[in-house]
Amino acid sequence: ADCRYTCHQECRSLIQLDCRRPGQWQSQLSPESTLLPPHSQNATQTVEEEKPEPPTVQEIKQKIEKYNAKVTNCLLMKLNDDGTYTGFIKVHLKLRRPVTVPAGIRPQSIYDALKEVNLAEMTDKRTSFYLPLDAIKQLHISSTTTVSEVIQGLLKKFMVVDNPQKFALFKEMRKDGQVLFQKLPLTEYPLYLRLLAGPDTDVLSFVLKENETGDVEWDAFSIPELQNFLMILDKEEKDKIQQVHRKYERFKQKLQQTLKEARGKPG
């Protein structure tokens, strides 16, 4: 609440912070406001109380039947004998920065996918390019597939070799004419969220974006990527300088033209 440290709810009992150091938080903190020590019984109980009970197989069956009744594109969910279920989700790719892919590699074929051939391992050469804005990828996943596995699966399909930690999966919701984004934890199950929301993507959709944590995690980038960033920043700086020069050059020309026209007039 005071030092703005962020952790998963289930990790809280494992975190130790000494926020009572001299400085800006000292006057605001009290012993009660710091996180509890590791393996604290109270912290564990709080997590358990806030964690909802998992649905029963019968409840899942009813939800799947209700979901499939609304499906219009044959992308149905299927309940398995062991209580798990499978279905489809669509993920919108809204990446503003370029991604790193192997250079000179052909697109992945169905044969490669079935044989789990990793084309990215066939060359050490890398190149960067921008994925099409708002590209959509449809995935067939299980109820046990986590957000982390969805991100890794998407990167593999596009042969992106960047660190998966650079990306995050968001759920996009529309409410009262506004578009709301919420970052999903890596342990969340996207197919269960799809089941609860129904098949209408206007109610809920998934978006892959850059993992904006507030601070850039430079350790996650390779040396060639950092050098590429410097090149991009240098180009943007030169473009900005040229824009400023052109702006004031036009302003200078207008002033000179105005002075020239005024010389022949009295006063």
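Preceding this paragraph is the structure being described.
I will try to describe carefully the structure that is included in this document. (Residues numbered from 1 in each chain as written. Predicted model: local features only at pLDDT ≥ 70, side-chain atom pairs only at ≥ 80, totals over all residues. Heavy atoms only, no water.)

1. A closer look at the packing of helix 2 (residues 57-70) against helix 5 (residues 190-197)
Next, step 1: Closest axis-to-axis distance for the helix 2/helix 5 pair is 9 Å, and the angle between their directions is 65°. Two packed elements cross with a definite hand, and for helix 2 against helix 5 that hand is left-handed. Contact with helix 2, carried on its side by Ile-60, Lys-63, Ile-64 and Tyr-67, involves Tyr-192, Arg-194, Leu-195 and Leu-196 of helix 5 and no other residues of that element.
Next, step 2: When its residues are assigned to classes, the contact of helix 2 with helix 5 shows six nonpolar, no polar and two charged. (Axes fitted to C-alpha atoms, helices over the stretch in contact; angles between N-to-C directions. Helix = DSSP H or I, 4+ residues; strand = E, 2+ residues; numbered from the N terminus. Left-handed = near helix turned anticlockwise from the far one by under 90°. Contact = heavy atoms within 4.5 Å. Nonpolar A, V, L, I, M, F, W, Y, C, P; charged D, E, K, R; others polar.)

2. Brief notes about the pattern of salt bridges
Next, step 1: Applying the stated criterion across every chain, the model contains five salt bridges.
Next, step 2: Note that Asp-162 and Lys-166 form a salt bridge whose closest N and O atoms lie 3.3 Å from each other. Exposure class is identical for Asp-162 and Lys-166. Each is buried. (Salt bridge = Lys/Arg side-chain N within 4 Å of Asp/Glu carboxyl O. Buried < 20%, exposed > 50% of the residue type's maximum accessible area, 1.4 Å probe, protein only.)

3. A word on the nonpolar core
Next, step 1: In terms of nonpolar packing, the biggest core is built from 31 residues, with Ile-89, Val-91, Phe-167, Leu-169 and Phe-206 touching the most fellow members.
Next, step 2: Elements supplying a minimum of two residues to this core: helix 2, strand 2 (85-93), strand 3 (99-102), strand 5 (135-142), helix 4 (147-157), strand 6 (167-175), helix 5 and strand 8 (204-210).
Next, step 3: Per-element accounting of this core gives the leading share, five residues, to helix 4.
Next, step 4: Apart from the residues lying within four places of it in its own chain, the contact partners of Phe-206 are Ile-89, Lys-90, Val-91, His-92, Leu-169, Phe-170, Leu-184, Pro-190, Leu-193 and Arg-194. (Core = buried A, V, L, I, M, F, W, Y, C linked by side-chain atoms within 4.5 Å.)

4. Remarks on the pairing of strand 2
Next, step 1: By the criterion of burial, strand 2 is predominantly enclosed, with seven of the nine residues buried.
Next, step 2: Pairing between strand 1 (residues 78-79) and strand 2: two bridges, direction antiparallel. Note that in strand 2 the partner of Leu-79 across the bridge is Tyr-85.
Next, step 3: In sequence, strand 1 turns back onto strand 2 through a hairpin of five residues, with Gly-83 there showing a positive phi of about 95°.
Next, step 4: For strand 2 and strand 5, the ladder comprises eight bridges, and the chain directions are antiparallel. Bridged to Ile-89 within strand 5 is Leu-139. (Pairing = 2+ DSSP bridges.)

5. With respect to empty space enclosed by the protein
Next, step 1: Per the counting criterion, the structure on display carries two cavities of 30 Å³ or more.
Next, step 2: Considered as a void within the structure, the largest cavity measures approximately 160 Å³ in volume.
Next, step 3: If you trace the largest cavity, you find 13 residues lining it, with Arg-97, Pro-98, Lys-166, Phe-221 and Phe-229 closest to the centre.
Next, step 4: When residues of the lining of the largest cavity are traced back to their parent elements, those giving at least two are strand 3 and helix 6 (223-263).
Next, step 5: A per-element tally of the lining of the largest cavity places helix 6 first, with three residues.
Next, step 6: Its boundaries defined by the atoms lining it, the second largest cavity holds a volume of some 30 Å³.
Next, step 7: Counted by class, the lining of the second largest cavity contains eight nonpolar, no polar and no charged residues. (1 Å grid on protein atoms, 1.4 Å probe; cavity = no way out; pocket = protein on both sides within 12 Å on 5 of 7 lines; lining within 4 Å. Points joined across faces, edges and corners; volume = space filled by probe spheres on them.)

6. Considering the packing of aromatic side chains
Next, step 1: What the rule picks out here adds up to zero aromatic pairs.
Next, step 2: Stacked on the ring of Phe-170, the Lys or Arg Lys-209 has its end atom at 5.2 Å from the ring centre. (Phe/Tyr/Trp six-rings, centres within 6.5 Å; stacked < 30°, edge-to-face > 60°. Lys NZ or Arg CZ within 6 Å of the ring centre and 35° of its normal.)

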